[in-house]
Amino acid sequence: MKRILKLKLHWQIFIAMIIGTITGIIFQSVYSGKPEGVVFTIIISIGTIFIRLLRMVIVPLVFTSITAGVASVGSGKALGRLTVKSFSYYIVTSLIAIIIGLVLANLLKPGVGAHIPVSGAFNKDSLQAPNSPLDILIDTIPTNPVEAMVRFDMMGIIFFSIMLGYGITKVKPEIGEPVKQLFNSGFDIMMAITESIIKLAPLGVFGLITKAVSTAGIDLFKDLALYILTVSAGLTIHLFIVMPAVIFILTGYNPYLHFKAMWPMIITAFTTSSSNATLPVTMQCVEKNVGVSNKISSFVLPLGATVNMNGTALYECAGVIFISQVLGLHLTVSQQIIIVLTALLAAIGCAGIPAAGVVMIFVVTQAVGFKDADVALIIGTMLAVDRPLDMYRTVLNVFGDSVGAVVVAKSEGETNFYQNIK
Ligand code: ASP
């Protein structure tokens, strides 16, 4: 035990994942997917505590980091440049992801002949359809910033923080400077808290993995194997081919170093299925392990965690084509183009929380005019097998954010990355 505690954190997390998987398999086979008992309750509570601790720092972290980040970016021009660069990166990489999903779903045809054992008892009202793409954009403006924080409305918080940071740069220095300092200090304190929470990651990961493995309903996974395979193949291509190529071409660094630097983030995303919950870890890894400045990371990462979701974008597109194949519908070229564009918007509007991507599929199906009732039944089935896909696409979502931070930082003249990574 002492030996394990002396290991580096990322090894501890890795070992915790393996022990969690084995424990999960044992619970799965003993209780056939419906585990119970005191030991099980304690183990999953550990996972829940870890997620709650991470969620606890998110709102103050995003609020202080974006405000301080925007305030220190300074003039409107520099801010505009950062915004344009970040959004260009988000949109281009998301579109690449979507095209991968489109091509694979058309080639492998996972929905043709898929056996969807939907139970008649499925209640379609339990899936709430989100707003239209335009409403998603309008809703980013919070009518009450405090309410946005209370409701965990990330887009609203980001929007207000950007405005606040911008406001700080617009007033006289003697008024703006102290406020900027306050937000800088607040951000440093939040990062210090995050650092302590991350030390608990091995325990949290153990609890979360045990729960995920022990409660998986195995049979449905077999029926939807080709669908799961198609999405996973797309995510794998994007994560292990596209992303490393982006790192190499745009920054010149060895992509392997980036994977190594981001390991705690990758595992946290995998086990929490939440970009938001992973954000504190992402920021820690990008600043400490990669060496990106606080100025860039505190702007690009919270924004990315909310709007840049390569994995979800790919999933939205592949998922809708899967649905169309199950329904036996033939998609025209213009419908496929609508799917690509709305998948992008759905991913941007998707919350960084577990399973949010499945519900956002409604945005895309509505845009191409599928009937809600049919679609709801299929999406319900997709939801049942979604957890492992969600874990994987969340990894890609946050990985894309971290790459974005390095790409933007490099383009702003920052160098000497990965000095702490051997
Ligand atoms: N769980 C994903 C995330 O937090 C969103 C999704 O469901 O696609 O990034």
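Position labels on residues start from 1 in each chain and follow its written sequence. Only residues with pLDDT of at least 70 get local features here, since the model is predicted, and only at 80 or more are side-chain atom pairs given and counted; chain-wide, interface and lining totals rely on the full set of residues. Here the side-chain values reflect all heavy atoms present in the structure, with hydrogen atoms and water set aside.

**Structural notes on empty space enclosed by the protein**
One way to see where empty space is left: roll a probe the size of a water molecule over the atoms. Worth spelling out the cut-off: Two kinds of site are reported from a 1 Å grid over the protein atoms alone, namely cavities, where a 1.4 Å probe fits but cannot get out, and pockets, open sets with protein on both sides within 12 Å along at least five of seven lines, and residues are called lining when an atom falls within 4 Å of a point. Grid points are joined across faces, edges and corners, and a volume is the space filled by probe spheres set on the points. Only DSSP runs of H or I covering at least 4 residues are called helices, and only runs of E covering at least 2 are called strands; the numbering of each starts at the N terminus. Each residue is assigned to one of three groups, with Ala, Val, Leu, Ile, Met, Phe, Trp, Tyr, Cys and Pro labelled nonpolar, Asp, Glu, Lys and Arg labelled charged, and all others, Gly among them, labelled polar.
Here the structure, examined in full by the defined rule, presents one cavity of 30 Å³ or more. A volume near 70 Å³ is recorded for the largest cavity. Surrounding the largest cavity, 16 residues form its lining, Thr312, Ile353, Asp390, Thr394 and Asn397 being those nearest its centre. Listed by contribution, the elements that provide at least two residues to the lining of the largest cavity are helix H18 (356–367) and helix H20 (386–411). Tallying contributions element by element places H20 first for the lining of the largest cavity, with four residues. In the lining of the largest cavity, the residues fall into six nonpolar, eight polar and two charged.

**Regarding the pattern of salt bridges**
Two side chains bearing opposite charge may form a pair once their charged atoms approach each other closely. Inclusion rule: A side-chain nitrogen of Lys or Arg and a carboxyl oxygen of Asp or Glu constitute a salt bridge if their distance falls within 4 Å. Each residue is placed in one exposure class: buried if its accessible area under a 1.4 Å probe, protein chains only, is under 20% of its type's maximum, exposed if it is over 50%, and partly exposed if it falls in between.
Scanning the model with the defined rule gives eight salt bridges in all. Residue Arg393 is joined to Asp386 by a salt bridge in which the shortest nitrogen-to-oxygen separation is 2.9 Å. In this pair, the class of Arg393 matches that of Asp386, namely buried. Here the salt bridges share partners, and the residues they tie into one network are Arg81, Lys85 and Glu412.

**Focus on the site of the ligand**
Put simply, the test is: One heavy atom within 4 Å of a molecule or strand makes the whole residue count as near it. Contacts described as polar in this section are N or O atom pairs within 3.5 Å, which, within protein, must combine one atom able to donate a hydrogen with one able to accept it, while residues neighboring in sequence count only if both atoms come from side chains. Here the Shrake-Rupley method, with its probe set to 1.4 Å, supplies the accessible areas, and only the displayed protein chains count as covering residues. Whether a molecule sits in a cavity or pocket is decided by its atoms, more than half of which must lie within 2 Å of the grid points.
For the ligand, the set of nearby residues contains 16 residues, the closest of which are Ser275, Thr312, Gly357, Asp390 and Arg393. Between the ligand and Ser273, the relevant distance is 2.9 Å, taken from a nitrogen atom to a main-chain nitrogen or oxygen of the residue. Interatomic distance of 3.2 Å between a side-chain N/O atom of Thr394 and a nitrogen atom of the ligand. Contact with the protein chains hides 100% of the accessible area of the ligand, taken as 270 Å² for the molecule alone. The cavity where the ligand resides is the largest cavity. Among the secondary structure elements, those contributing two or more residues to the shell around the ligand are H18 and H20.

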